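Summary of structural features
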Amino acid sequence: MSEQSAKAATAESGGAPAGDLFSKFDGIIQTRENLLSQGAEDPFGLVMEKVLSPTRAICNGRDTILLGTYNYMGMTFDPDVIAAGKEALEKYGSGTTGSRVLNGTYQGHVEVEAALREFYAMDHAMVFSTGYQANLGIISTIAGKGDYIVLDIDSHASIWDGCAMGNAEVVPFRHNDLEAMEKRLRRIPEGAGKLVVLEGVYSMLGDVAPLKEMVAIAKKYGAMVLVDEAHSMGFIGPNGRGVAEEQGVIDDVDFIIGTFSKSVGTVGGFCVSNHPKFEIMRLVCRPYVFTASLPPSVVATAATSIRKLIQGGDKRAHLWENSKRLHGGLKDLGFALGTDHPQSAIVAVIMPDLEHGAAMWEALLHEGLYVNLARPPATPAGMTLLRCSLCAEHSAEEVETILGMFERAGKAVGII
Ligand code: PMP
């Protein structure tokens, strides 16, 4: 390209040199700049300067109630969990510096997998460095060339990325639609391998999948079933095993994917299964093999937390009370919610558009409340949401305080 035509190309692309691989992000850069020019605080750049408890932090110099974390069971400050982490840090050092299949399996990794097998009453448990990697690894490895993955269109990004990483045919169906799911399964050629991928709780709207019916349909067509229970572990089901347990179909689910980054209160991911050949995954699953294992302190906190969650019946009951009160209270105030009735610990408040969403987010922050501002592509149907996720450590009084904050902010912004 001549100097002149290079200059012309630069001028056309608004200052960026021709061939700048960042130009594809110009739209999102503009949207972000517009948003920041309206409000003083960046909804995607909040810093927790000090964390006081599972439900309170100092954010932008303000004492803030946290209503936008995945700390459902409030385990992050549990004294036993913290003690286990400190002890492991002292005893085993700060990191493993290696893969699980080489030098990265310590006693703590074996113990956290034992805790998971006990928690789920399943034969096999395999721990990954994140839940994202668990989906990426399991989905891309078990469904190969010539196989079919049938999945809900509102699946989490890690599920989609697992599909993209593998070689299977990917067939999405309309969210939670039994008929659509069956139609896709019926069309798959006879004899092809089939994996149905579902979630227990869908994290954007907080709605639950009709797993009982869906698992029955999958089995009718000879498909294996994977359920991501990231947002239900520890909370939903008599033993906190998730929606599959709650709906009585856990024995028909082939793989449960979960994470340590929500109810467990640390970081890490896992898959549990009763499949007799499951252990081979440790040798063939690339996001398990080709990455470093979790630090000893992390697996120690996870194992302690998981064992305590087994006994978490009272906390589960209180979290349900909190979720029902917040859902009912917001509905009575006139907010549009993601579900008609409370189905999980996530209550999604639907905003008319991104501008109102950002204004409401900021008004709540000024009240001393942190919630998640969620927008496409994370949200379905182009929605802007203020996502509230409750914690078993929120007191009943705190929930009332939160409702008062929503009422004042909603009126100030003109949403109710
Ligand atoms: N699955 C679902 C449904 C999730 O919501 C998330 C995280 N938000 C993950 C998987 C990934 O979990 P992790 O944070 O452990 O990577």
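Residues numbered from 1 in each chain as written. Predicted model: local features only at pLDDT ≥ 70, side-chain atom pairs only at ≥ 80, totals over all residues. Heavy atoms only, no water.

**Overview of the sheet that holds strand 6 (residues 169–173)**
Cut-off, in case you're wondering: Strands are treated as partners if at least two bridges between them are detected by DSSP. Only runs of H or I of at least four residues qualify as helices and only runs of E of at least two qualify as strands under DSSP, and these elements are numbered from the N terminus. Lines fitted to C-alpha atoms define the axes here, with helix axes fitted over just the stretch in contact, and angles between the N-to-C directions of these axes take values from 0 to 180 degrees. In this analysis, two residues are considered to be in contact whenever any of their non-hydrogen atoms come within 4.5 Å of each other.
If you trace the 7 strands from one edge of the open sheet to the other, you get 4-12-11-10-7-5-6, paired in mixed fashion. Here the strands that pair on one side only, and so sit at the sheet edges, are strand 4 (124–128) and strand 6. On average, each strand axis in the sheet is inclined to that of its neighbour by 20°, with strand direction left out of account. Relative to strand 11 (residues 255–259), strand 10 (residues 224–228) runs parallel, the two sharing 3 bridges. From the neighbouring strand, L226 faces strand 11, where its bridge partner is F255. Its contacts with the sheet place helix 4 (residues 107–120) against strand 4, strand 11 and strand 12 (269–273), and it is angled at close to 130° to strand 4. Strands strand 5 (148–152), strand 6 and strand 7 (194–199) of the sheet are contacted by helix 7 (residues 178–187), whose axis makes an angle of about 155° with strand 6.

**Comments concerning helix 14 (residues 354–367)**
An α-helix turns once per 3.6 residues; consequently, residues spaced three or four apart project the same way. The cut-off we apply is this: Expected span of a helix, by definition, is 1.5 Å for each gap between consecutive residues, and there is one gap fewer than residues. A 1.4 Å probe rolled over the protein chains alone gives each residue an accessible area, and that area as a share of the maximum for its type sets the label: buried under 20%, exposed over 50%, partly exposed in between. Polar contact is the term for a pair of N or O atoms within 3.5 Å; when the atoms are in protein, one must be able to donate a hydrogen and the other to accept it, and sequence-neighboring residues count only if both atoms are side-chain atoms.
For helix 14, spanning 14 residues, the distance from its first C-alpha to its last is 20 Å, which sits close to the expected 20 Å at 1.5 Å a residue. Of all the residues in helix 14, the buried ones are L354, G357, A358, M360, W361, E362, A363, L364 and L365. With a side-chain oxygen positioned 3.2 Å from the backbone nitrogen of E355, the residue opening helix 14 is D353. Just downstream of helix 14, G368 is the residue with a positive phi angle, here 100°.

**Here's the deal with the site of the ligand**
Note the cut-off: Any residue with at least one heavy atom within 4 Å of a molecule or strand is counted as near it. Accessible surface area values rest on a Shrake-Rupley calculation with a 1.4 Å probe, where residue burial reflects the displayed protein chains alone. Polarity classes work like this: nonpolar for Ala, Val, Leu, Ile, Met, Phe, Trp, Tyr, Cys and Pro, charged for Asp, Glu, Lys and Arg, and polar for all others, with Gly in that last group.
If you check the shell around the ligand, you find 14 residues, and the closest are G131, D228, H231, T259 and K262. Here a nitrogen atom of the ligand and a side-chain polar atom of D228 are 2.6 Å apart. At 2.7 Å, a side-chain N or O of H231 approaches an oxygen atom of the ligand. If the ligand stood free it would expose 400 Å²; the protein chains cover 86% of that surface. Tallying contributions element by element places helix 5 (residues 131–142) first for the shell around the ligand, with 3 residues. Its residues placed into classes, the shell around the ligand shows 2 nonpolar, 9 polar and 3 charged.

**Some thoughts on a nonpolar patch on the surface**
Where we set the bar: The patches described consist of residues with a relative accessible area above 30% and no salt bridge, like charges being joined within 9 Å and nonpolar side chains (Val, Leu, Ile, Met, Phe, Trp, Tyr) within 5 Å. Salt bridge, as applied in this entry: a Lys or Arg side-chain nitrogen positioned within 4 Å of an Asp or Glu carboxyl oxygen.
Taken together, the side chains of L21, F22, F25, I28 and I29 define a hydrophobic patch exposed on the protein surface, amounting to about 530 Å² of accessible area. Secondary-structure assignment places L21 in the loop between helix 1 (3–12) and helix 2 (26–38).

**Here's the deal with the nonpolar core**
The condition is simple: What is meant by a nonpolar core is a set of buried Ala, Val, Leu, Ile, Met, Phe, Trp, Tyr and Cys residues, joined one to another through side-chain atoms within 4.5 Å. As annotated, the domain borders come from an automatic or database domain assignment.
Ranked by size, the top nonpolar core spans 94 residues in total, and within it L116, Y120, F260, L326 and F406 carry the most contacts. Top contributing element to this core by residue count: helix 14, with 7 residues. Each of domain 1 (36–66 + 313–413) and domain 2 (78–309) gives at least three residues to this core. The residues contacting F260, other than those within four sequence positions of it, are V112, L116, V127, G265, T266, V267, G268, G269, F270, L294, A302 and I306. Ranked by size, the runner-up nonpolar core spans 22 residues in total, among them A143, F255, M281 and Y288.

**Some points on the sheet that holds strand 1 (residues 48–53)**
Note on sheets: strands pair through backbone hydrogen bonds, and any given pair is parallel or antiparallel. In spatial order, the strands read 1-2-3-14; together these 4 strands make up an open sheet with mixed pairing. For this open sheet the edge positions go to strand 1 and strand 14 (369–370), each flanked by a neighbour on one side alone. Both strand 3 (residues 62–66) and strand 14 contribute to a ladder of 2 bridges, which runs parallel. Among the inter-strand pairings, L66 is bridged to a residue of strand 14, identified as Y370. Strands in contact with helix 15 (residues 396–413) are strand 2 (56–59), strand 3 and strand 14; relative to strand 3, the strand with the most contacts, it is inclined by about 110°.

**Side note on the packing of helix 4 against helix 12 (residues 296–310)**
What counts here: Here roughly perpendicular refers to angles of 65 to 115 degrees, roughly parallel to angles under 35, roughly antiparallel to angles over 145, and oblique to all remaining angles. A crossing counts as left-handed when the near helix is turned anticlockwise from the far one by less than a right angle, and as right-handed when that turn is clockwise.
Direction vectors running N to C along helix 4 and helix 12 enclose 20°, while the axes themselves pass 8 Å from each other. In terms of their interaxial angle, helix 4 and helix 12 are classed as roughly parallel. In this structure, helix 4 meets helix 12 at a crossing whose hand is left-handed. Side by side, helix 4 and helix 12 meet where G108, H109, E111, V112, A114, A115, L116, E118 and F119 of the first sit next to V299, A302, A303, I306, R307, L309 and I310 of the second. For the contact of helix 4 with helix 12, the per-class residue count stands at 11 nonpolar, 2 polar and 3 charged.

**Examining unusual backbone geometry**
Cis geometry marks the peptide bond from P376 to P377; its omega dihedral reads 5°. Locating P377 in the fold gives a position in the loop between strand 15 (372–374) and strand 16 (384–389). The residue A381 is not glycine, and still its phi comes out positive at about 55°. If you trace the backbone, A381 turns up in the loop between strand 15 and strand 16.

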